[in-house]
Amino acid sequence: MKKNGISVQPEVFQAMQNIDIKALESFDVKLLRPVLPCLVRTALCQPVDKSHGWTVARKDVSKILAGIDDVNSIVALLSIDFHALEQDVKKEQQLRSKVGSSHTDSVLISQLQNGLALEFEHSDSARRIRLLLSEILFILSQVRDNKIDFSKKQWDLFDCEVYLEEVSDVLCIAYSELPGLLPVIDVAEALMYVPNGAWLLCRLIANSPDSFREVCFNLVSKGEKQDEESVSGRKRMALIKTLCEMNPSEAVYVRSLCVQHCTMPGLTVSLTLNIVINQSESLQESSNDLVPFISGLLLGNNIEVKNWFSQFIKSGQRRGREPSSSMLYLMRQRLLQQLVSILPDTGESMKDEHVITAGSFVRLYCALKGIATLKFSDEEMKLLLRMVTSRPPISQSGARFVSLGLCLLIACPYIIGSQDQERQVADWIRWLMASENLFERQAGKSSSFGEMLFLVAIHFHGNHMHAISELVCSTLGMKTHVKANALARIRQIFTQDIFTDQVITSHAVTVPVTEGLNGNMAGYLPIHCIYQLLKSRAFSKYKVPIKDWIYSQIYQCSYPLHPLLPQLLEVYVNSILVKSAKTDHTNQPIETREIMDLFNKKPVFQKTCSGEINLTPHICMLYYILLYQDMLDSQRKNLLLSGRNVDAYPDSLMSTIPINYLIQQSQKRQDLYGGVFSSLLKLLVSQYPHLCIIEDWLDDVMTTTTTTSSSYSKDKCTIESFKAALSTVPENSTNLLIVMQQMINLPAEELLPFTDDIVQSLPVILSASVPRKLTDLMKKIWFKIHSLTPRSLRLVTVNALRPQRKSEFKFSTYTETDVTVDPLIVLRCDERVFRCAPILEVVLRILSSYTLACRVYMDNHIQCNPVLDNNNQAEQDRQELKGALLAAQESAIIQILLEYCMATGDEKNDDKGMLNNLHEVRSVICSYIHQVFISNPNLAKLVHFQGYPCELLPVTILGIPSMHICLDYIPEMLSQPQMDKQIFAIKLTSYLCGQYALPKSLSIAKLCLNVMFAMIGVLDSKKRSEFFLETLPYLVKICKAFPPLCEDVTSLLIQIGRVCVSHMTSTSNVPQTDYSIALSATREVTQVEQKSREVIKEESTEPSKKRMKIDNEHLPTHHKLYSVIQSTFRSIVTKAIATRDLY
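### Considerations on the overall build of the chain
In step 1: On a plain count of helices and strands, the chain comes out with 63 helices and 0 strands.
In step 2: The proportion of buried residues among the 1143 residues of the chain is 51%.
In step 3: If you take every contact in the chain between residues at least 6 apart in sequence, the share linking residues at least 24 apart comes to 74%.
In step 4: A total accessible area of about 54,300 Å² is found for the chain, and carbon and sulfur atoms account for 51% of it.

### Structural notes on the confidence of the model for the chain
In low-pLDDT regions, the fine details of the predicted coordinates are not to be read closely.
In step 1: Summarising the model, the chain shows a mean pLDDT of 83, and 86% of its residues fall at 70 or more.
In step 2: Segment residues 280-287 is flagged for pLDDT under 50; beyond a separation of four residues in sequence, or across chains, it makes 11 contacts in the model.
In step 3: Taken as a whole, residues 700-714 scores under 50 in pLDDT and shows 17 contacts with residues more than four places along the chain or in a different chain.

### A closer look at unusual backbone geometry
In step 1: Note the cis peptide between Tyr559 and Pro560, where omega equals -5°.
In step 2: Along the chain, Pro560 turns up in the loop between α31 (547-556) and α32 (564-577).
In step 3: With omega at 5°, the peptide bond leading from Val729 into Pro730 counts as cis.
In step 4: Inspection of the secondary structure assignment puts Pro730 in the loop between α41 (719-726) and α42 (734-744).
In step 5: Here Ile19, not a glycine, exhibits a phi torsion of approximately 50°, which is positive.
In step 6: Examined against the element boundaries, Ile19 turns out to sit in the loop between α1 (10-18) and α2 (21-26).

### A short note on the nonpolar core
In step 1: Counting residues in hydrophobic clusters, the biggest one holds 283 residues, and the most contacted among them are Met387 and Tyr624.
In step 2: If one sorts the elements of this core by residue count, helix α34 (residues 616-634) sits on top with 12 residues.
In step 3: Tyr624 has contacts with Leu569, Tyr572, Val573, Ile576, Pro589, Ile590, Ile595 and Tyr649, leaving out every residue within four places of it along the chain.
In step 4: By size, the runner-up hydrophobic cluster in this structure holds 89 residues, among which are Ala23, Leu140, Val184 and Phe212.

### Quick look at the environment of Cys854
In step 1: Relative to the assigned elements, Cys854 resides in helix α48 (residues 837-864).
In step 2: On the basis of relative accessible area, Cys854 is assigned to the buried category, the value being 1%.
In step 3: It is 9.7 Å that separates the C-alpha atoms of Cys854 and Gln889, two residues lying 35 residues apart in sequence.
In step 4: Beyond its immediate chain neighbours, meaning those up to four positions away, Cys854 contacts Thr820, Val821, Pro823, Leu886 and Gln889.

### Describing the packing of aromatic side chains
In step 1: Taken as a whole, this structure holds 21 aromatic pairs when the rule is applied.
In step 2: Centre to centre, the rings of Tyr551 and Tyr555 are 6.3 Å apart; their planes meet at 35°, and the pair counts as tilted. Within this pair, Tyr551 and its partner Tyr555 are both found in helix α31, separated by 4 residues, close to a single helical turn.
In step 3: Taken together, the ring pairs in this structure connect Phe454, Phe460, Phe494 and Phe499 into an aromatic cluster.
In step 4: Above the ring of Phe293, the side-chain terminus of Arg255 is found at 3.8 Å from the ring centroid.
In step 5: Just above the ring of Tyr814 sits the side chain of Arg802; from NZ or CZ to the centre is 4.2 Å.

### Here we look at the packing of helix α25 (residues 450-461) against helix α29 (residues 526-535)
In step 1: Running from N to C, α25 and α29 cross one another at 15°; their axes reach a closest spacing of 8 Å. Taken as axis vectors, α25 and α29 run roughly parallel relative to one another. Relative to α29, α25 is oriented so that their crossing is left-handed. Together, Glu451, Phe454, Leu455, Ile458 and His459 of α25 and Pro526, His528, Cys529, Gln532 and Leu533 of α29 make up the contact between the two elements.
In step 2: Tallied by class, the residues present in the contact of α25 with α29 amount to 6 nonpolar, 3 polar and 1 charged.

### A closer look at a nonpolar patch on the surface
In step 1: A cluster of nonpolar side chains, Leu640, Leu641 and Leu868, forms an exposed patch at the surface whose accessible area comes to about 270 Å².
In step 2: Looking at where Leu641 falls in the secondary structure, it is placed in helix α35 (residues 636-641).
In step 3: Under the relative-accessibility criterion, Leu641 is labelled exposed at 53%.

### A short note on the pattern of salt bridges
In step 1: Inspection of the entire model under this criterion finds 32 salt bridges.
In step 2: Of the charged contacts in the structure, one is a salt bridge between Glu380 and Arg332, with a shortest N-O distance of 2.7 Å. Taken together, the positions of Glu380 in helix α22 (residues 378-388) and Arg332 in helix α20 (residues 327-342) put the pair 48 residues apart, joining distant regions of the chain.
In step 3: Among the residues examined, Glu380 registers a relative accessible area of 2% and is labelled buried.
In step 4: Residue class for Arg332 comes out buried when judged on its relative accessible area of 15%.
In step 5: A salt bridge links Asp420 to Arg423; its shortest N-O distance comes to 2.0 Å.

### Thoughts on helix α16 (residues 251-261)
In step 1: Among all positions of α16, only Ala251, Val254, Arg255, Leu257, Cys258 and Val259 are buried.
In step 2: One or two residues past the end of α16 sits Cys262, with phi positive at roughly 55°.

### Some remarks on the packing of helix α9 (residues 125-144) against helix α12 (residues 184-191)
In step 1: As a packed pair, α9 and α12 sit with axes 9 Å apart at the nearest point and diverge in direction by 80°. The pairing of α9 with α12 is recorded here as roughly perpendicular in orientation. Between α9, through Ile136, Ile139, Leu140 and Val143, and α12, the contact on the second element is made entirely by Asp186, Val187, Glu189, Ala190 and Leu191.
In step 2: Tallied by class, the residues present in the contact of α9 with α12 amount to 7 nonpolar, no polar and 2 charged.

### Side note on the environment of Leu336
In step 1: For Leu336, the position within the fold is in helix α20.
In step 2: Considering only alpha carbons, one finds Leu336 and Leu383, 47 residues apart in sequence, at a separation of 8.2 Å.
In step 3: Dropping the residues within four chain positions of it, Leu336 is found in contact with Tyr365, Glu379, Glu380 and Leu383.

### Concerning the environment of Asp757
In step 1: Note that Asp757 resides in helix α43 (residues 755-760).
In step 2: For the pair formed by Asp757 and Lys723, sequence separation is 34 residues and the distance between their alpha carbons is 7.4 Å.
In step 3: Discounting chain neighbours no more than four positions away, the residues touching Asp757 are Ile719, Phe722 and Lys723.

Conventions adopted
- Residues numbered from 1 in each chain as written.
- Predicted model: local features only at pLDDT ≥ 70, side-chain atom pairs only at ≥ 80, totals over all residues.
- Heavy atoms only, no water.
- Helix = DSSP H or I, 4+ residues; strand = E, 2+ residues; numbered from the N terminus.
- Buried < 20%, exposed > 50% of the residue type's maximum accessible area, 1.4 Å probe, protein only.
- Contact = heavy atoms within 4.5 Å.
- Areas by Shrake-Rupley, 256 points an atom, 1.4 Å probe, with all protein chains shown as cover.
- pLDDT = per-residue confidence, 0-100.
- Core = buried A, V, L, I, M, F, W, Y, C linked by side-chain atoms within 4.5 Å.
- Phe/Tyr/Trp six-rings, centres within 6.5 Å; stacked < 30°, edge-to-face > 60°.
- Lys NZ or Arg CZ within 6 Å of the ring centre and 35° of its normal.
- Axes fitted to C-alpha atoms, helices over the stretch in contact; angles between N-to-C directions.
- Parallel < 35°, antiparallel > 145°, perpendicular 65-115°, else oblique.
- Left-handed = near helix turned anticlockwise from the far one by under 90°.
- Nonpolar A, V, L, I, M, F, W, Y, C, P; charged D, E, K, R; others polar.
- Patch = residues over 30% accessible without salt bridge, like charges linked within 9 Å, V, L, I, M, F, W, Y side chains within 5 Å.
- Salt bridge = Lys/Arg side-chain N within 4 Å of Asp/Glu carboxyl O.

Below, the structure is given as structure tokens:
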């Protein structure tokens, strides 16, 4: 027979758990009966705590036990020999662990004469413990081997209600005295399979309340994933429920264990329902736990928990059991009761305190439907539709409830089942439209739901079901599947009854823009509707102007940047330049005047009290302009073919926009403008690569300066003080030095007013008497201003550095277009620049930017004037001409810079060594040329084919690291028919071999020697002498780099020497072997020439002497060549041969 009710009252368990003796004294003897074993042990056993307080408490316990008859039987249980019992229990456990042991095999008890219940009744205390322990150990062995059969096994000792009190006492005493042999978690697992096991377990736990959590943890962790599917699962659930009834305060803990282990969902729901009842008698207040808890399971981030509970709901719907015995059914009934309690009466509005709860119900039922696939009953659908179409109070929470309700109608469209319900929904939506302005005034624009209604209508018109699904999912905060074929009724309500295409488009432009639009604004805003209408080309279709709304929204936006604003600008630009298939009408671009007004009314460098300037409108407008220019370039040919004349924004507009500063701010403050930085950078690189020079982005290196010492004046510098200090230069540079030390510590924004004066002072700074410290400071200040407004600063600098001419005729200043088309203008500056390294760095930065700008200008010119007849040859010719023009410009720049690297007459006589302006200028120029060669190796080939003075070869080889690429095209230079190019190639090879002694250099050197061997027999006498006089001295460098070539070079010298000797002996048998001395005296040379002429005159009548005449004309050259051969050989022997002194 099963014992009904819990065996221990919650208040008694609470008193035992808290050791509240006073509370125990107040209880009736009947209530104390379950915990008597613990109380008797407390009173009789020797305590560990010897304090006075506990001694008094034990006396109070003895008073409680006085007069209770059942105490005597418990005392008798404590008086047995537990040591002998412990030994027998161990033997019993060993026996039960053996395979094949039967129920009758036992060490604790002998052969039973009668049934177990009768033996228990007739036995003394010692035998009763043995009988119970034998039964418990047998059950444990069966559980361990999974041999429990609930339908056949009879448990007489636990099934008889008469003996339960004594069995409970024996169990509690046995566990207390033999804790190591009877773990409480094993006993709990065994009692789960016997009748009245929960009743006994509650008594056991009540006598040792500290083991409550341990037992619950073990039972839950071993539970089934779906506890209502099996008999053992239902028994386990009943056992834990009984424990939680005894200790209600731990029900939440047990429920959390179920969620943690994803086991026993039925128990989880049951405990939740009991917690709701126990929390409050009012159903209205009790709804605070059930709905949030179930919503948390289905909408939480733990996928395992979500799948576990969803499976519970799916399994509950599949089972064909009685509804009343299912936890799912009970949960749904409780939810319906709570739902009914918050519904308003017919014709009334929902109460304020019920709005948030109603929103929670909407999300919960959407989760049950979308995630757990719960099928709503007719009653649930009726009540949900009644709740959704109820009119909430005009508040922020009311607007939120309306948005959630609209999503419920889309996510669960089957709740609209009749014509009356369709009219009910349509009337509700019309009421929403009429109340939209009222909600905006009372709750704020961020709480408006009107934009969401328009957005849903737009998606329905465009048949964008995926977009509707995303909208519903983002509003509900969950992933749910929206079936397109189930939305026929709700779609008809939106598209035919309420919102037509033209109504939506006409209404959209009248919606005010969102003031202070930023990324922190939640909900659905007018920008969402405008974006979708632009994307579907609705404004173009109905010829509704949208330009003013777009401009106003850009003007009113703020930081952090709203993520949809860049996408809005993209579809807007696309609607301007690309025609739709549905209509030929396009939107109008923002006018130049309006863009200028934005930058004038909201200055970029204005000062604010908060310190943070709102640059969002400026960055968005810059993004729009760059995007417009980029798409216009890509669509230029299509626009011309279609006959449309679309103008680009003028360059004068772009020069007034601080593009670099805005890009830098979007990079530095990516928390505010991060959504647009990458797109801005991509457009800037393609449209204005001259604003993306690497050095410009390294602003920390170029503009950061160390703090000045305290010796400088701390007064704030002004434009007047700068002009006054500049007027004393170059006679007195101290004042200007102090002012510029103050300026260098100012932020770049505060240096902008000084721009004109800084630029106009550059020619003064070029004076040789100006201290170097001053020119360095000027360069740093220039680069600091350059980081903000590079384009305008570059142009005024070019005009300021023009050569000063004392002429009454005034030249017009260069424009941006002039310098862009012809970058060589930059080099037409004051020649003093090329001996002032800091200012030269400024000029070269300007030059590199305009060189890149010229390339972009040429590309844009070709795109603006496309070949309309698809003539590929003509297009190819134009590209080749463009490349030739750019190559000519850039090679001319390199040649001019190399020319300025040559020393003048005074500099050649300068004995300062390497500490001079020329050496520093060469370093700056070579660094620039190196960058140019790396970016365009073909330019290096062109420059060297053109050639330059050989005296610059040591400068270029040592100063330009990329000169090694010349090894690739020296063979091509040697094959040229021009002798000067061949000579230049050999000289270049000699220096390259000395700098780069590589296998490739050795191959090129051998090739040069082969060419020189060939030239001996190819060239005539005059050209041969010229060729070898120029090239032979450079063979020393080749031999020094590659000593194995000395033998080949010697052979070459011998062969050339023989040719020279043959020429020299044509008029004399005695060669002038030391002719190098004679060459030093011009008189002797003249005499030789005169003698040669006399000989020619005397023998002019003999025809056989004609050939001798030709040779005698170049006789001094051969003598000179002969001397060069000797000196070359002498140098090779002394410099290029490895000797014993090498190491």
